[in-house]
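Structure at a glance
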Amino acid sequence: MDAEQGQTNENFVMTSEKPPLPADGQRDEAEAGLVLEQEVTMETARDGWDSKVEYFLAQVGFSVGLGNVWRFPYLCHQNGGGAFILLYVLLMGLVGVPLFFLELAAGQSIRQGSIGVWRHISPRLVGIGYSSCVVCFFVALYYNVIIGWSIFYLGSSFKYTLPWEACPTEGNNTVKECAASSPTAYFWYRKALDITDSIDETGELNPIITGCLLAAWVIVCLAMYKGIKSTGKVMYFSSVFPYVVLLCFLIRGVTLDGASEGIKFMFYPKLEIWADVQVWRQAATQVFFALGLGFGSVIAYSSYNPRHNNCHRDAFTVSGVNFMTSVLATLVVFAVLGFRAKTIATKCVNRNMRAVVKAMSSRPFPDLIINVSDVEDMTLNEYEQLYKTRGQQLNIYGYNLTACSLEEELKQGVEGTGLAFIAFTEAMTLFPGSPFWSALFFLMLLNLGLSTMFGTMAGILTPLTDTFKTLRNHKFLFTACSCALGFLIGLMFTQRCGNYFVTMFDDYSATLPLIMVVIFQTISLAWFYGADRFLEDLKLMLGRPVPVVYKYLWKYVCPVAMLGLLGASLLKMFLERPTYIAWNREKASKEDLPYPGWALAVLSTLIIVAFLPVPIGFIHSLLLERLSQSPADAEAGYVPCATTDTDLTPLDTLPPSAGDPSSFSPLLEENQDTRLQNGHIEHFETSVL
């Protein structure tokens, strides 16, 4: 998910001819207009991408994020393996790609951020753009904390013996919490987070994580202070490097003992899961977030494209790369986790069989016949068969003998932070040269997070600088202040209980508001603006007709699918009390705890605040109409950005008729006339906002 808007330049635009004068009583107004049209007007220009490669890397970097590495493999593993992938591809084709194409086309044709796009279609819809900005801000707050964690682990990787390879000692004894869990779990919960037992226990700020969060925000600010001119250059590394690392891990992973078991376990199809509604909900949600729909970042990036860029092809290309990245990451994850699981299970078998031999040497077990010479060479399959047929005989008093199941080990710690900071780090400690692989892995996570973070910030900065001239004239100051504000609010996540707030924001601050935003923008464009009209605009922009199937996908399939996803999400939220996973220090294990009342109020507030701009914008527009005032007139300070492209000009955000501010403006107008728009004089043949 990535980047930002362009630098501002000052261009002079002057008319070459006079338009015809209106007749009769409007002559005085016309003469005044002619005087204005003969003036030279300064306007703010909008830069475009330096190359198509930069744009493509930015879109890929934004859409391919941490969720591709740890969320998709978990969902695929939990929901039927190959069957889930087939379901994901189906929903990607029917819902994901059409909605992604819709956002790309809207941004490219109107040449504005999310606020300007929906203001252009109708002033009543301007709240959709502001709602996207609010959600982007919420996501940026906690997403940069995850980047801070990656920085901390990256720094800790430059030690010859990784600090999470073994449990620390107190005197002559191993630390109890570590011995009862694992070195990687102990390092994550106690050394990195120093986490409390519940969200009710706040605790002081974690100074190391606070410093890492500051470093993350400084990196974001430096990469974005020149808009897409600086961010686009960063993308050459931040978007490409993760693929290099994934390929290195794949080559290394498939050579490990147990990799084939992990991959087979991952992709074995279980088609019966298609009957589970919750699996459809999870697949649709993953498609939704994988492409970054509703954030406004896709619109922001595409708004810097040349007018005739083939955004239809881009929609398929970016979506395809996103999906293939998820599959590649899944192969890597389960090849490595298969190695880890087999290593742990094999050690378990050896430990148990030595215990059995030791017990047999002290007293006889007539029903249990085991060849002592075969104990060290016993395979997992042989042990599983032995445990299955003679499990009762293996339950020897005083010895904790378990099934040593490879499948059970594969199920451990494969979701979210548990995958990245516990399971995968544990697997890398088993690699020769583990510090190198650890540094490589967390550098990859850092770049994945940053490329997504750039896009998220673009979803905030681009619409606001496009909308407000003051912010556009002080872009660097606005970017720096936004990052500083994000850091200050983000301090809540660096408390000892901060991880629980990260979980809360991740689960509730974006999901429901974004689903509602996408529903509104799809229905608004397909039904109120008109799918046929939009297709004609795209034909004019692309120079070729767009398949008519999109009309039916936008009007029927996508809204129904999104309404179903919204209903399923609300139903799950109301039927099951929201919970979070806490770490119990005494038990040295995770446990599910219900959110307390005040936390439920906070997460409800997050959802309401994120969606509130939509009804506020609608009501505000209605009130202005009742007062016989155009919404555009009420925002006299709003001056849209132009573009430096030769075939593009400043965009018109005024509704087509002052007497009908609720009407819908065309996305594209082919016109060779000279017009006065928002006080700017221009000669144009362009997309008009």
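Reading the values: rules and limits
- Residues numbered from 1 in each chain as written.
- Predicted model: local features only at pLDDT ≥ 70, side-chain atom pairs only at ≥ 80, totals over all residues.
- Heavy atoms only, no water.
- Pairing = 2+ DSSP bridges.
- Helix = DSSP H or I, 4+ residues; strand = E, 2+ residues; numbered from the N terminus.
- Buried < 20%, exposed > 50% of the residue type's maximum accessible area, 1.4 Å probe, protein only.
- Contact = heavy atoms within 4.5 Å.
- Patch = residues over 30% accessible without salt bridge, like charges linked within 9 Å, V, L, I, M, F, W, Y side chains within 5 Å.
- Areas by Shrake-Rupley, 256 points an atom, 1.4 Å probe, with all protein chains shown as cover.
- Salt bridge = Lys/Arg side-chain N within 4 Å of Asp/Glu carboxyl O.
- Expected span 1.5 Å × (residues − 1).
- Polar contact = N/O pair within 3.5 Å; in protein donor to acceptor, adjacent residues only side chain to side chain.
- Phe/Tyr/Trp six-rings, centres within 6.5 Å; stacked < 30°, edge-to-face > 60°.
- Lys NZ or Arg CZ within 6 Å of the ring centre and 35° of its normal.
- Disulfide = S-S within 2.5 Å.
- Axes fitted to C-alpha atoms, helices over the stretch in contact; angles between N-to-C directions.
- Left-handed = near helix turned anticlockwise from the far one by under 90°.
- Nonpolar A, V, L, I, M, F, W, Y, C, P; charged D, E, K, R; others polar.
- pLDDT = per-residue confidence, 0-100.

Looking at the pairing of strand E6 (residues 589-594)
Bridging between strand E5 (residues 579-584) and E6 involves six bridges; their strand directions are antiparallel. Counted as the bridge partner of Trp-583 is Lys-590 from E6. Connecting the antiparallel pair E5 and E6 is a turn made up of four residues, with Ala-588 showing a positive phi of about 55°.

Looking at the environment of Ala-588
Along the chain, Ala-588 falls in the loop between E5 and E6. Judged by its relative accessible area of 6%, Ala-588 is buried. Residues Ala-588 and Lys-176, spaced 412 residues apart in sequence, show a C-alpha to C-alpha distance of 8.4 Å. In this view, Ala-588 contacts Glu-177, Ala-180, Ser-181 and Trp-583; residues no more than four positions away in its chain are not counted.

Structural notes on helix H22 (residues 498-508)
Most of H22 is tucked away, with eight of its 11 residues classed as buried. Listed as buried for H22 are Gly-498, Asn-499, Tyr-500, Phe-501, Val-502, Met-504, Phe-505 and Tyr-508. Where H22 is buried, its residues meet helix H6 (126-156), helix H8 (183-192), helix H23 (511-542), helix H24 (549-575), E5 and helix H25 (597-611).

Comments concerning a nonpolar patch on the surface
A contiguous nonpolar surface patch, about 1100 Å² in accessible area, is contributed by Leu-86, Leu-90, Leu-94, Leu-271, Trp-274, Trp-280, Trp-527, Phe-528, Val-548, Tyr-552, Tyr-556 and Val-557. Those elements giving two or more residues to the nonpolar patch turn out to be helix H4 (82-110), H23 and H24. Turning to its location among the elements, Trp-527 is positioned in helix H23.

Remarks on helix H9 (residues 207-224)
For H9, spanning 18 residues, the distance from its first C-alpha to its last is 26 Å, which sits close to the expected 26 Å at 1.5 Å a residue. Considered for burial, the residues of H9 that qualify are Ile-209, Thr-210, Cys-212, Leu-213, Ala-216, Trp-217, Val-220, Cys-221, Ala-223 and Met-224. The distance from a side-chain oxygen at the start of H9 to the backbone nitrogen of Ile-208 is 3.2 Å, and the residue carrying that oxygen is Asn-206.

Thoughts on the environment of Val-279
Of note, Val-279 is situated in helix H13 (residues 277-290). The class of Val-279 is buried, set by a relative accessible area of 3%. Separated by 203 residues in sequence, Val-279 and Cys-76 have C-alpha atoms that sit 9.9 Å apart.

Some words on the packing of aromatic side chains
Applying the stated criterion to the full structure yields 50 aromatic pairs. Ring geometry for Phe-72 versus Tyr-88: centroids 5.0 Å apart, planes at 70°, classification edge-to-face. Residue Phe-72 is located in helix H3 (residues 66-78), and its partner Tyr-88 is located in helix H4; the two are separated by 16 residues in the primary sequence. Note on accessibility: Phe-72 and Tyr-88 belong to one class, buried. Consider the rings of Tyr-580 and Tyr-595, whose centres lie 4.9 Å apart with planes at 35°: the pair is tilted. A residue pair is termed long-range when its members are at least 10 positions apart, and Tyr-580 in strand E5 and Tyr-595 in the loop between E6 and H25 qualify at 15 residues. With a relative accessible area of 0%, Tyr-595 lands in the buried category. One Lys or Arg, Arg-252, reaches over the ring of Phe-431 and ends 5.4 Å from the middle of that ring. Seen from the ring of Trp-527, Lys-555 lies directly overhead, with NZ or CZ sitting 4.3 Å from the centre.

Side note on the state of the cysteines
Evaluation of the coordinates by the stated rule reveals one disulfide. The side chain of Cys-167 participates in a disulfide bridge whose partner is Cys-178; the two sulfur atoms lie 1.9 Å from each other. Taking the sign of the torsion about the S-S bond as the criterion, the disulfide between Cys-167 and Cys-178, at about -85°, is left-handed. Within this pair, whereas Cys-167 is found in the loop between H6 and strand E3 (169-170), its partner Cys-178 is found in helix H7 (residues 176-180), the two being separated by 11 residues in sequence. Looking at Cys-136, it has no disulfide partner, and the nearest cysteine sulfur is the one in Cys-133, 6.6 Å off. Classification of Cys-136 by relative accessible area gives buried; the value is 0%.

Brief notes about the pattern of salt bridges
Oppositely charged side chains may form a pair once their charged atoms are brought near each other. This structure, assessed with the given rule, holds 13 salt bridges. A salt bridge links Glu-591 to Lys-587, with the nearest nitrogen and oxygen atoms 3.7 Å apart. Here Glu-591 falls in the partly exposed class, since its relative accessible area comes to 22%. Among the charged side chains, a network of salt bridges with common partners joins Glu-177, Arg-190, Asp-194, Arg-496 and Arg-585.

Quick look at the side chain of Ser-524
Checked against the element boundaries, Ser-524 lands in helix H23. Residue Ser-524 is classed as buried on the basis of its relative accessible area, which comes to 2%. Aside from chain neighbours lying at most four places away, what touches Ser-524 is Leu-125, Ile-128 and Tyr-529.

Side note on the packing of helix H11 (residues 241-254) against helix H19 (residues 434-467)
The contact between H11 and H19 brings their axes to 9 Å, and the two run at 145°. Considering only the axes of H11 and H19, their crossing is left-handed. Facing Phe-241, Pro-242, Val-245, Leu-246, Cys-248, Phe-249 and Arg-252 of H11, the residues of H19 in contact are Trp-437, Leu-440, Phe-441, Leu-443, Met-444, Asn-447 and Leu-448. Here the residues of the contact of H11 with H19 are counted per class, giving 12 nonpolar, one polar and one charged.

A closer look at the confidence of the model for the chain
Mean pLDDT over the chain: 79, with 78% of residues reaching 70 or higher. Considering only residues more than four positions removed or in separate chains, one finds that residues 1-44, a stretch of pLDDT under 50, has 125 contacts. Note that residues 632-663 has pLDDT below 50 and, in this model, 107 contacts with residues that lie over four places away or in other chains.

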